[in-house]
Amino acid sequence: MKSSFYFQAALKALNIAYATVDQTGHIVDCTPEFPLLISEPADKIIGRELLEVLPELFGQEASLEQIRRDEKPVLRLENINRLLPAGRVRYLRLIVSPGESKDVDLLVFVTDITELAEHAQIVTQKRNEFDLTRRQLAKLSQQLNYLLRHYVPDNVADALLKDNLSLDLSGDLRQISALFAEAETYRDLVDNSLQGLIILQDDQVVFVNQACLEIVGYAAEELLGMSTTKMERLLIHPATLLTFRQRLREQSSDKRRYELCLIRKDDSTCWVEQFVRAIEYQSKPALQLISLDITERKRTEESLARHERYLTALVEIQKELLALNTTANLYDTILARLGKVSGVSRIHFFQNHHISNQLFASLKAEWCAPDVVSHLPDSRLQNLPYDMFNPYWLSALGQGEGVIIANINEVPTTEQRLLEAGGVLSVVIVSMMVNQKFFGLIAFEDCSRVHQWDIVEIDILWTAVSSISQYYERKRAEDALRESEARLWQAVHHDFLTGLPNRLMFTTCLEQAIQRAKEDPTYAFAVLFLDLNHFKLINDSLGHQAGDDLLIEVAKRLQKSIRHQDMVARLAGDEFTVLVDSIQNLDQVIKIADRIKFELASPIYLKGQAVFVTASIGIASSFKPYHQADDLLNDADTAMYEAKSKRREQPEFFKTEQRQKATARLQLEMELWEAIARHEFILHYQPIVDMENRHPVGVEALVRWQHPRRGLLWPKEFISSAKKASLIVAIDQWVLREACLQAKKWQTMGFTSLKLAVNISASMLQQDIVNFMITVLQETGLPPKTLQLELSEDITLENLGLNVGVLETLHDMGMQISLDDFGTSHSSLQYLIGLPLDILKIAPSFIQNIGRDSKYEEIVASMISLAHRLGLAVTAEGVETTEQLAFLQAHHCDKVQGYLFSQSLSFDEVMRYWQDYTARA
């Protein structure tokens, strides 16, 4: 795990290096300072075992299992020492913490405490020197007592020592003088000692040396004669008073030292290391208190301990932020941890926001010490404009810096009043930057003291805030990634237009349903396959946007038709599917199909025009076992095509014979591809006869398929499959080229008046037919006026604007345009006016009912009359009886064709037919 930039900065500021250890005990990563501190070459650290690099860690029998079994979350090791190249000993402090991932098993932090250790050695040395001096003085004291008892007269002893000592009067004055010189030396040593000395006798202070006076800040006359009780009240801090009293009661002579907090005369505090022992002072029992001022050492230790607490808190914050998945409890957790470790009174988090392009800050989270008044909720701390403060604040915070105020009396009046209102005496304000933008700030407020913030403390607070910022950045990146993944999932599994599940998602759910049906015999489902009828006509006539709007509305209506557990999907184009989940019988499926028909029955308004939509529905269910989703979808699709072929709006359930038909259609499509390559298509021609003189004036080219196994196939048996297989254009092109080539042969043989009619499909009109016809006519040499292009009425509805332009170009080239099968589709008179037509051909279904139904006769008569009024010639197809012929002649039909005159003929048969006609004429 790589530490963040701010985390590394804090560790560097604390002079702390660290390394990460994997589960095998090998060092996998470390900071550049780590090799320097442990006196090992940098290139020999990574990859080595931790216990090999630091064998002092737990001793010769150390193992990683001992570290992992340690119940303490952080294991601290003191006085690890390493010999530097120059011979100097470096003292290290190690902290071993468990890792949080499979890649990082242990974290090892190393701090250089050489300076502190050397300071402790000096203190120890001074203490030993003092102990030696004290022992020497004790010996001198014994000698002095002996001399006084044996050599000093009683009146001299009483005068000098004011003590009732029983002394011998013998002695030498020179020895007495030397004795007093030694006593004076003793007093000098005591007064000039580094350790403070107090002697208590009869519950009052009877002796105090100069070192003690310097420690507590009192004069000798203020302490001498002071009672023990008063001394406890004035000098002993309440936090250590019980310890002091206990040691006085014990009157310990084992010289065990303890630490004591003293109150100086100026009310400041200091720390001493003290021990108490019982002695005789002037031949009476007394207590000797010896104290060494350790204030600086305590401050250093407290600073290190505080920094260590900060560091531990920072590590825990990092862990919590890594494990945190939501911002809900972010500040409750993090601010509380920072508040407790920093010792401040209150922490505020302000988040930025804009109002009318002006930057404001509002209080969003708070942590307070138990005795501090909370500011949440407080409307006065909402929507605070930054321009009310010193411009430096906004400049510093906006650049990711901060504001440090040790004493609020040092800031301008406006900011001072704001801080005083919250009872703040000192504050550190840290900027929070998220994605390099000023996101907000966190204020660490001290309401109880003027806080002297040290640089390490501030660095760690900065690092903690930066960690929160990084969490926001990580959270936003994760949220953005999740949103991106969700959008990607939506895009992959849903239709972009309707928002419905697409084929992939529907197939996945269908596979799950199939698997459930295998495992649970009581579970059943069904699939509805829907295809909108005449959608292409609507899409092409009203435009693609209208078609999209239609699909969106159909999707909404389908969703209204189903139950909550069902699913609607759009597979492609105008094809929809419905997964009907958890059914007991097929009647439930029929009800849903009926609801779909009911919802689709209402008109849909597109561009102000009411459009009515119907759908062909095929159904396949799990009552017939399936193993794959595609098989079930194919069967539902097959049933849908069966319903469409019957041209009724009733749903069709899949039957096995439908699959056989579908298989046959597929086989036919495959054979069509081969038929083109093998040149299996041939042309037949049906004569067209002029009604005025009953003379043949032309022929209509009709394509036939000479199937190698099934024999001669007519168009109705393969043209529909050719359209589905996208082969119709290839067939149309072959028919046009072949018919033109043969017509040119007829003309060469003398049949110059013969006209050639050729059918073309809608697909052919969209394939640059103009250039194709130019090429064919150039290749064959056939005059354009010989050619008559026939198009079905459906063609004109599919893409009217494009068709008109193409047909006009063809018409201008000299070709005639004929509208075939008039009356079989949704006729529109405006198409008769708008298209460049020459001939109108009446469909055989109308002609064949002449003499059978007077209504058909009226319609045919009207068609002929209308066409003539529009300047169009009329050709009647399918004439088979003389009655039909007489009716058409009576109503002035121009041309006819049908079995009454001739069936379709081959190329040679056309020649003979024409020769016979010529001979009869």
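Our subject is the structure that appears above.
As the structure is a prediction and not an experimental result, all values here were calculated from the model.

Colleague: I'd love a proper account of the packing of helix H24 (residues 728-748) against helix H33 (residues 907-920), names of residues and values included.
Modeller: Interaxial distance between H24 and H33 falls to 12 Å at its minimum, and their mutual angle equals 35 degrees. Crossing of H24 over H33 shows right-handed handedness. Here H24 contributes Gln742, Lys745 and Trp746 to the contact with H33, which in turn contributes Phe907, Val910 and Met911. Residues that form the contact of H24 with H33 fall into these classes: 4 nonpolar, 1 polar and 1 charged.

Colleague: Outline a nonpolar patch on the surface, supporting the account with residue identities and numerical values.
Modeller: On the surface, Leu488, Val492 and Leu504 cluster together into a nonpolar patch covering about 250 Å² of accessible area. Here Leu488 is to be found in helix H16 (residues 455-493).

Colleague: How would you summarise the pairing of strand E7 (residues 204-208) if you had to cite specific residues and measurements?
Modeller: Sheet topology places strand E6 (residues 196-201) next to E7; 4 bridges connect them, and they run antiparallel. Bridging across to E7, Ile199 finds its partner in Phe207. With antiparallel pairing between neighbouring strands as the criterion, E6 and E7 make up a hairpin whose turn holds 2 residues, including Asp202 at a positive phi of roughly 55 degrees.

Colleague: I'd like a description of the nonpolar core, backed by residues and values.
Modeller: Of all hydrophobic cores here, the largest spans 81 residues; its most connected members are Trp746, Leu810 and Leu888. At 9 residues, the largest contribution of residues to this core is made by H24. Excluding residues that lie within four positions of it along the chain, Leu888 makes contacts with Met691, Ile847, Ile850, Val860, Ile864, Ala876, Val879, Cys893 and Val896. In this structure, Phe349, Ile460, Leu461 and Trp462 belong to the second largest nonpolar core, which totals 37 residues.

Colleague: Break down the side chain of Thr295 for me, citing the residues and quoting the values.
Modeller: Examined against the element boundaries, Thr295 turns out to sit in helix H12 (residues 295-323). Leaving out residues up to four positions away in the same chain, Thr295 has contacts with Cys270 and Trp271.

Colleague: Before we move on, could you go through the pattern of salt bridges and cite the residues and values that matter?
Modeller: Taken as a whole and assessed by the stated rule, the structure comprises 29 salt bridges. Here Glu40 makes a salt bridge to Arg48, at a shortest N to O gap of 3.6 Å. The shortest N-O distance in the salt bridge between Asp479 and Arg482 comes to 2.3 Å. In this pair, Asp479 and Arg482 both sit in helix H16, 3 residues apart, roughly one turn of the helix. A single salt-bridge network, built from bridges that share partners, covers Glu700, Glu790, Lys841 and Glu877.

Colleague: Can you break down the sheet that holds strand E17 (residues 526-532) residue by residue, with the values?
Modeller: Here 5 strands make up an open sheet; going across it, the order is E18-E19-E17-E22-E23 and the pairing mixed. Because the sheet does not close on itself, it has two edges, and the strands there are strand E18 (567-572) and strand E23 (652-653). Two elements, E17 and strand E19 (residues 575-580), share 6 bridges in a ladder whose sense is antiparallel. Within E19, the position partnered with Leu528 by the bridge is Val578.

Colleague: Would you mind going over the sheet that holds strand E9 (residues 269-281) in detail, with residue names and values included?
Modeller: Strand order across the open sheet formed by 5 strands is E7-E6-E10-E9-E8, with antiparallel pairing between neighbours. Looking along the sheet, the strands with just one partner apiece sit at the ends: E7 and strand E8 (258-263). Sheet twist, expressed as the average angle between the axes of neighbouring strands with direction ignored, equals 40 degrees. Pairing of E6 with strand E10 (residues 284-293) involves 5 bridges; the strand directions are antiparallel. Following the sheet pairing, Gly196 is matched in E10 by Ser291. Across the sheet, helix H11 (residues 238-250) lies against E6, E8, E9 and E10, angled at about 125 degrees from E8, the strand it touches most.

Colleague: If you had to explain the packing of aromatic side chains to someone new, which residues and values would you point to?
Modeller: Tallying each qualifying case throughout the model produces 12 aromatic pairs. Where Phe681 meets Trp705, the ring centres are 5.9 Å apart and the plane angle is 40 degrees; that geometry is what we call tilted. Residue Phe681 is found in strand E24 (residues 681-690), and its partner Trp705 is found in strand E25 (residues 696-707); the two are separated by 24 residues along the sequence. Taken individually, Phe681 and Trp705 each receive the classification buried, so the pair is uniform in this respect. Ring geometry for Tyr685 against Trp746: centres 4.9 Å apart, planes inclined by 75 degrees, an arrangement best described as edge-to-face.

Colleague: So, the side chain of Arg704: which residues are in play, and what are the values?
Modeller: Following the sequence through the fold, Arg704 ends up in strand E25. With no salt bridge to any partner, buried Arg704 finds its closest opposite charge in Glu717, at an N-O distance of 8.2 Å. Among the polar contacts made by the side chain of Arg704, one reaches the side chain of Ser904 at a distance of 3.4 Å. Apart from the residues within four sequence positions on either side, Arg704 is in contact with Glu680, Phe681, Ile682, His684, Leu712, Leu713, Trp714, Pro715, Phe718 and Ser904.

Colleague: Please set out H11 residue by residue, giving values where relevant.
Modeller: Given a rise of 1.5 Å per residue, 13 residues ought to cover 18 Å, and the 19 Å separating the end C-alpha atoms of H11 matches this to within 8%. If you check which residues of H11 are buried, you get Thr240, Leu241, Phe244, Arg247 and Leu248. Angularly, the buried residues of H11 cover 135 degrees about the axis, an arc narrow enough to put them on a single face. Of the residues in H11, the exposed ones pointing more than 90 degrees away from the buried face are Leu242 and Arg249. On the buried face of H11, the contacting elements are E6, helix H10 (228-235), E8, E9 and E10.

Colleague: Now, about unusual backbone geometry: what can you tell me, with residues and values included?
Modeller: Phi is positive for Asn435, close to 55 degrees, though the residue is something other than glycine. Relative to the helices and strands, Asn435 resides in the loop between strand E15 (426-434) and strand E16 (437-446). Residue Asn435 is classed as partly exposed on the basis of its relative accessible area of 43%. Unlike most non-glycine residues, His679 shows phi in positive territory, near 60 degrees. You can see His679 is positioned in the loop between helix H22 (656-678) and E24. Taking the relative accessible area as the measure of exposure, His679 reaches 64% and is therefore exposed.

Colleague: Give a detailed account of the environment of Ile514, specifying residues and quantitative values.
Modeller: The topology assignment puts Ile514 in helix H17 (residues 503-519). As for Ile514 and Ala629, which are separated by 115 residues in sequence, their C-alpha atoms are 7.3 Å apart. In contact with Ile514, not counting residues within four places along its chain, are Phe525, Tyr626, His627, Gln628 and Ala629.

Procedures and definitions
- Residues numbered from 1 in each chain as written.
- Predicted model: local features only at pLDDT ≥ 70, side-chain atom pairs only at ≥ 80, totals over all residues.
- Heavy atoms only, no water.
- Axes fitted to C-alpha atoms, helices over the stretch in contact; angles between N-to-C directions.
- Helix = DSSP H or I, 4+ residues; strand = E, 2+ residues; numbered from the N terminus.
- Left-handed = near helix turned anticlockwise from the far one by under 90°.
- Contact = heavy atoms within 4.5 Å.
- Nonpolar A, V, L, I, M, F, W, Y, C, P; charged D, E, K, R; others polar.
- Patch = residues over 30% accessible without salt bridge, like charges linked within 9 Å, V, L, I, M, F, W, Y side chains within 5 Å.
- Areas by Shrake-Rupley, 256 points an atom, 1.4 Å probe, with all protein chains shown as cover.
- Salt bridge = Lys/Arg side-chain N within 4 Å of Asp/Glu carboxyl O.
- Pairing = 2+ DSSP bridges.
- Core = buried A, V, L, I, M, F, W, Y, C linked by side-chain atoms within 4.5 Å.
- Buried < 20%, exposed > 50% of the residue type's maximum accessible area, 1.4 Å probe, protein only.
- Phe/Tyr/Trp six-rings, centres within 6.5 Å; stacked < 30°, edge-to-face > 60°.
- Lys, Arg positive; Asp, Glu negative; His and termini not counted.
- Polar contact = N/O pair within 3.5 Å; in protein donor to acceptor, adjacent residues only side chain to side chain.
- Expected span 1.5 Å × (residues − 1).
- Arc of directions from axis to C-beta.

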